[in-house]
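Examining the three-dimensional arrangement
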Amino acid sequence: MKLAVALILVLFSLINETIASDQPVRASVSGIITDSRTGETLINASVVIKGTTTGTVTNASGFYTFSDLRAGNYTFQFTYVGYQPIERDITLVEGERLRLDVSLTPADFMLEEVVVQADQEREEARNIGTARISTQLIKDIPAVLQADVFRSVQLLPGVKAASDFSSGLYIRGGGPDQTLILLDRTTVYNPSHFFGFFSTFNPDAIKDVQLFKGGYPAEFGGRLGSVLNIYNKDGNRNEINGVVSLGMLSSRAMIGGPYQRGSYMLAIRRSTIEPLLAALRGRVDTVPDGFYFYDINGKINADLNADNKISLAFYGGQDNVDFPFGDDLEFNLVYGNRTLSSTWTSIRSDRLFTSLTATASQYFNTPRFSFGGTEFTRDNYIWDYSLKSDAEWILNSTHAVKAGFWLGNMRLELNDTFDGRPSLQSLLETRYITTFIQHTYKPARTISATYGLRTNYFSKGDFLRAEPRFQLEYTPDPSLRLQLAYGRYYQFLTLITNEAFSGFDVWLTTDRDVPPAWGDQFVAGAKVYPAQGYNIEAEVYYRTMQDLFELDPRAADATGTEYAALFRFGRGYAYGFELLLEKTTGRLNGFIGYNWSLTRRQFDGFNANRFYPPKYDRTHDVNLVVNYRLSPRWKSTLVFSYATGQAYTRVLGRAEVENPFSTTPEQPVLVGKVNASRLPAYHRADISFTREGTFFGLGKSALQLQIINIYSRRNIWFYQFDLEENPAVQSEVPLLPILPTVSYTLYL
């Protein structure tokens, strides 16, 4: 806590010094940048004063500001990737507070397309440990049956996929529970459909996707590893428009438009696989009797005035499956998420921007098993209600402060019954309060430092923890950026999940004898821009994980057991190197990413207290994404992935041990070291072709043809061992074969 107090004292002394030295007659310019066709605010758009190195980028609400400007004439340049840049000439007088809102026009396609990207915009998009995924790339990348956000994120260096059947994010040595998923500032606890096959996020509804892989600043917290921050579209403010897409697994529709005080957006997606299941039923034994999923995204925006806006965003998604396993065994599962958030954003002055958000999030899963007339049921719920507020204060071109709080109440309920009688009843309720403050200091054009402090209070266990954060950047040349970051992170939740089936996910919290997990992250990186449209990024990282807690597989029946006795406690570490080579311009563009990494875990009383690799530990990962514009109507995307085989524990055979108390010898199964063996290397290539056109004059259209696993590589999911006859004999359970898919999208 001494470090926390010291950081706060240093911060406020710098602020007081800045206020005292400010010139009262300086002018300022601020405003909001939007899309000229839709009126959508543009996140991370760049604003630069021409002929200088002074620049900034818009925040999550499209707002930018310049303060501490001298009176005089200026030319402001506004740019955003994929949009036509514009300039505005202005004249400022002493003390003027100029409001300058700007609309950018999307660039029409040209075969020799040039993407304009200003240095400031590029810098914000390439902050250490940060990556952005465009919604167009999400739609273009070949995907199994439909476009998916998580499948696109898995192509980035440092992000691993568990299998073809899992959309879970394994980032820099952490499991899915170590990544905070936010949708319109609201936590999503189970972001998956189709048993974890793909994520819950409809690509037609998404406006912005930002990933913080590690070393992220004090404004985010609650997880040990990373943050995925997603914003939905606001809706078209100029005219009514829509999208209709028909696919093999699901179909979706989106509509957005203006109304008197603002805009709205509504997107719906539902499974369309039922006819295929009906055709297979009776021919294949493992086809469900019933299956469907759906999700709905919506947002309504209201402009109170030019400086104050209110939005209401909601999401609802659900999966329902009925599965017969035989004459006497039936299984039904319903699971999903619901979120609701309302945000008030306010431009208090040319230097101060605030936001206030109220959120509600619910996760539920309710499996039902029936065997020979005996029924097992589970009701698993999470309710999370919170209030959060952020403030951004731009003191001048040298100092900027961001601060905020997030407080809420979380309720986790788990009730099991067996044959109509309760077998497990658990109710955990906790309050949480987090605060943060961070200061960005730019003493010179080439140096920028961001440091801050985040505090966490968790009532379940009465824990109070402080998290210092620090980032440093040195830019000796516009084409080179050197970066360092450090942060401490705490996590008060743990996830019980299965890589192959996420519908049974159960979250548990800390308690009096279950302390929160924590860890330190150290990151160093270099970004090189050798020429316009070419980027090279390299990062190394090292992270520790202490006081990890997870359900102990050897624990006895939970009924009547002390809460702390249900867990095992351990530690871990991870380190790695990431390299990204990217070309962003021209008919041929894309990127190649490489990741070398290692992660280990150790739990007391397990594996002789030795460290071991978790299943998702892979030494090498390579992902290649190539986009090529074949003609004004046709474009194609190729994706190739290679990865070291996953770790597994090999069954060696069976021993025979004489039992002096029985005439039958015991025959225990012998296994090798935990996860000491490896599956064969994984590799796969996918390709898509998209034809853009029109649909009988009603609107633009896109026909997408895809081939997944074009050379039909039979990658191995896992080995199955014959524990009855010869445990050393293994059979292969493969992943996806070659799979063609087709979809048709109409833009109205």
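Residues numbered from 1 in each chain as written. Predicted model: local features only at pLDDT ≥ 70, side-chain atom pairs only at ≥ 80, totals over all residues. Heavy atoms only, no water.

A separate point is the overall build of the protein. Along its length, the protein carries five helices and 49 strands. In the protein, which comprises 748 residues, the proportion classed as buried is 54%. In the protein, 64% of the contacts between residues at least 6 apart in sequence involve partners at least 24 apart. With an accessible surface of roughly 32,200 Å², the protein has 58% of that area assigned to carbon and sulfur atoms. (Helix = DSSP H or I, 4+ residues; strand = E, 2+ residues; numbered from the N terminus. Buried < 20%, exposed > 50% of the residue type's maximum accessible area, 1.4 Å probe, protein only. Contact = heavy atoms within 4.5 Å. Areas by Shrake-Rupley, 256 points an atom, 1.4 Å probe, with all protein chains shown as cover.)

Next up on the list: the packing of aromatic side chains. A complete count under the given rule lists 33 aromatic pairs for this structure. Relative to Tyr575, the ring of Tyr542 has its centre 6.5 Å away and its plane inclined at 25 degrees; by these criteria the two rings are stacked. Placement of Tyr542 in strand β36 (residues 534-551) and of Tyr575 in strand β37 (residues 567-583) is noted, with a sequence separation of 33 residues between them. Here Tyr542 falls in the partly exposed class, since its relative accessible area comes to 36%. Exposure remark for Tyr575: the relative accessible area of 29% places this residue in the partly exposed category. Here Phe549 and Phe567 contribute two aromatic rings whose centre-to-centre distance is 5.7 Å and whose plane-to-plane angle is 75 degrees, an arrangement assigned as edge-to-face. Within this pair, whereas Phe549 is found in strand β36, its partner Phe567 is found in strand β37, the two being separated by 18 residues in sequence. Phe567 matches Phe549 in its accessibility class, with the two residues each being buried. A network of ring pairs unites the aromatic residues Tyr64, Phe66, Tyr74, Phe76 and Phe78 as a single cluster. Above the face of the Trp406 ring, Lys388 is positioned so that its terminal group lies 3.5 Å from the ring centre. (Phe/Tyr/Trp six-rings, centres within 6.5 Å; stacked < 30°, edge-to-face > 60°. Lys NZ or Arg CZ within 6 Å of the ring centre and 35° of its normal.)

Each strand in a sheet pairs with another by means of backbone hydrogen bonds, the pair being arranged parallel or else antiparallel. Reading across the sheet, the five strands line up as β10-β17-β18-β13-β14 and stay open at both edges, with mixed pairing between neighbours. Here the strands that pair on one side only, and so sit at the sheet edges, are β10 (130-133) and β14 (186-187). Pairing analysis gives five bridges linking strand β13 (residues 179-183) to strand β18 (residues 226-232), with the strands arranged parallel. Bridging across to β18, Thr179 finds its partner in Ser226. (Pairing = 2+ DSSP bridges.)

Going through the model one piece at a time under the given rule, you end up with 39 salt bridges. Each of the salt bridges in this network shares a partner with another, and the network as a whole consists of Glu40, Asp184, Lys207, Asp234 and Lys299. (Salt bridge = Lys/Arg side-chain N within 4 Å of Asp/Glu carboxyl O.)

Its place among the elements puts Leu598 in strand β38 (residues 588-603). For Leu598 and Phe577, which are 21 residues apart along the polypeptide, the C-alpha to C-alpha distance reads 9.5 Å. In this structure Leu598 touches Tyr573, Ala574, Tyr575 and Asp617, once residues within four positions along its chain are discounted.

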